[in-house]
Structure formats: C-alpha cells, structure tokens
Amino acid sequence: MTKRTMQEATFLILTALAAGSQHGYGIVADVARISGGRVRLRAGTLYSALDRLRLDGLVRVDREEVVEGRLRRYYQLTAEGATQLATEAARFQANAATALARLGLAEGMAT
C-alpha cells in the first residue's frame, strides 16, 4: 500500500518544527511566514493536525509551561517526522524540477 501524499498544511507544520521546538502560536506564525502569508492556520486545524501527527509518531510534546495562567505546550519534530519531511521535500523538489525542465526554464530560475 502506498503512503498518501502529505497535505500542504502538514508539510508546513513539520517544516516549522524542523527549526526547533515551538508552541502553537509560534507554529501558526512560522507557517504564515514560511508560506509568505498564503497559509493561515486556525487553532482548530493546527491542534487536530498536531494530535494526528503525534499519533503518527511524527511530532512529540517537548515540554509544557504555564504562561499567564494558561498552559503552553511545545511540540518537537521526531526523527521519523524529520525523515518524512525530507522525503516529501525531495518529492516536491523533483516534481518542480521536472515542471521547470518541461517549461524550458533553467533550474532555480524564477520568472
């Protein structure tokens, strides 16, 4: 059975966590920054994705702390998460290279 292609939001969440442990708001802000503001995660979307990613073993809770009376949970990429992210990034890169080649554009050239 073939693994399903990773959704863009999942890819961006894992990419945000590749830089290090972050709490929810930090992930939301980082995803917006990485995507140039194109992807804006809502809290419900983020936390359901993080729960699924935890169950899949791709992220784990790094630590928790109370800030201004509220629990702040920090998430971290696991080794399996890093492997999955690298695999998906390589797939995206190969597909993009093929598209650019078929368009007759030099690799890395933006128009």
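Before reading further, recall that the structure is shown in the block above.
This one's a predicted model, so the numbers in the text were calculated from it and none came from an experiment.

Participant: Just give me the short version of the overall build of the protein, but keep the residues and values in it.
Facilitator: The number of helices and strands found in the protein is four helices and three strands. Expressed as a percentage of its 111 residues, the buried residues of the protein come to 30%. Partitioning the contacts of the protein with sequence separation of at least 6, the portion at a separation of at least 24 is 45%. Carbon and sulfur atoms form 53% of the exposed surface of the protein, whose accessible area is close to 7,500 Å². Positive and negative charge centroids in the protein, built from 15 and 11 side chains respectively, lie 4 Å apart.

Participant: How would you explain the packing of helix H1 (residues 8-18) against helix H2 (residues 24-34) if you had to name every residue and give the values?
Facilitator: For any two helices packed against each other, the geometry comes down to the angle between their axes and how far apart the axes lie. Direction vectors running N to C along H1 and H2 enclose 105 degrees, while the axes themselves pass 9 Å from each other. Compared by their axis directions, H1 and H2 come out roughly perpendicular. On the side of H1, the interface is formed by Leu12, Ile13, Thr15, Ala16 and Leu17, while H2 contributes Ile27, Asp30, Val31 and Ile34. Its residues placed into classes, the contact of H1 with H2 shows seven nonpolar, one polar and one charged.

Participant: Can you lay out the environment of Asp30 for me, pointing to particular residues and giving the numbers?
Facilitator: Within the element layout of this structure, Asp30 appears in helix H2. Once the C-alpha coordinates of Asp30 and Ile13 are considered, the two residues, 17 residues apart in sequence, prove to be 8.4 Å apart. Apart from the residues lying within four places of it in its own chain, the contact partners of Asp30 are Ala16 and Gln22.

Participant: Before we move on, could you go through the pairing of strand E3 (residues 70-77) and cite the residues and values that matter?
Facilitator: For strand E1 (residues 22-23) and E3, the ladder comprises two bridges, and the chain directions are antiparallel. Along E3, the bridge assignment pairs Gln22 with Tyr75. Taking the residues that link successive antiparallel strands as the turn, the strand E2 (residues 59-67)-E3 hairpin has two residues, and the phi of Glu68 there is positive, at about 50 degrees.

Participant: Just give me the short version of the packing of aromatic side chains, but keep the residues and values in it.
Facilitator: Enumeration according to the criterion identifies one aromatic pair in this entry. Where Phe11 meets Phe92, the ring centres are 4.8 Å apart and the plane angle is 70 degrees; that geometry is what we call edge-to-face. Of this pair, Phe11 sits in helix H1 while Phe92 sits in helix H4 (residues 79-103), and the two are 81 residues apart along the sequence. Owing to a relative accessible area of 16%, Phe11 belongs among the buried residues under this scheme. In this structure, Arg63 is placed above the aromatic ring of Tyr74, and the distance from its NZ or CZ to the ring centre is 3.8 Å.

Participant: Got a sec to walk through the side chain of Thr10? Specific residues and values, please.
Facilitator: Mapping Thr10 onto the fold places it in helix H1. Once you skip the residues sitting within four places of it in the chain, Thr10 turns out to touch Arg52 and Leu53.

Participant: Can you tell me about the sheet that holds E3, naming the residues and giving the values?
Facilitator: If you walk across this open sheet you meet the three strands as E1-E3-E2, and the pairing is antiparallel. At either end of the open sheet lies a strand with only one pairing partner, and these are E1 and E2. Across the sheet, H1 lies against E1, E2 and E3, angled at about 90 degrees from E3, the strand it touches most.

About the thresholds
- Residues numbered from 1 in each chain as written.
- Predicted model: local features only at pLDDT ≥ 70, side-chain atom pairs only at ≥ 80, totals over all residues.
- Heavy atoms only, no water.
- Helix = DSSP H or I, 4+ residues; strand = E, 2+ residues; numbered from the N terminus.
- Buried < 20%, exposed > 50% of the residue type's maximum accessible area, 1.4 Å probe, protein only.
- Contact = heavy atoms within 4.5 Å.
- Areas by Shrake-Rupley, 256 points an atom, 1.4 Å probe, with all protein chains shown as cover.
- Lys, Arg positive; Asp, Glu negative; His and termini not counted.
- Charge placed at Lys NZ, Arg CZ, Asp CG, Glu CD.
- Axes fitted to C-alpha atoms, helices over the stretch in contact; angles between N-to-C directions.
- Parallel < 35°, antiparallel > 145°, perpendicular 65-115°, else oblique.
- Nonpolar A, V, L, I, M, F, W, Y, C, P; charged D, E, K, R; others polar.
- Pairing = 2+ DSSP bridges.
- Phe/Tyr/Trp six-rings, centres within 6.5 Å; stacked < 30°, edge-to-face > 60°.
- Lys NZ or Arg CZ within 6 Å of the ring centre and 35° of its normal.

Functional significance is not addressed by these values, which are geometric in nature.
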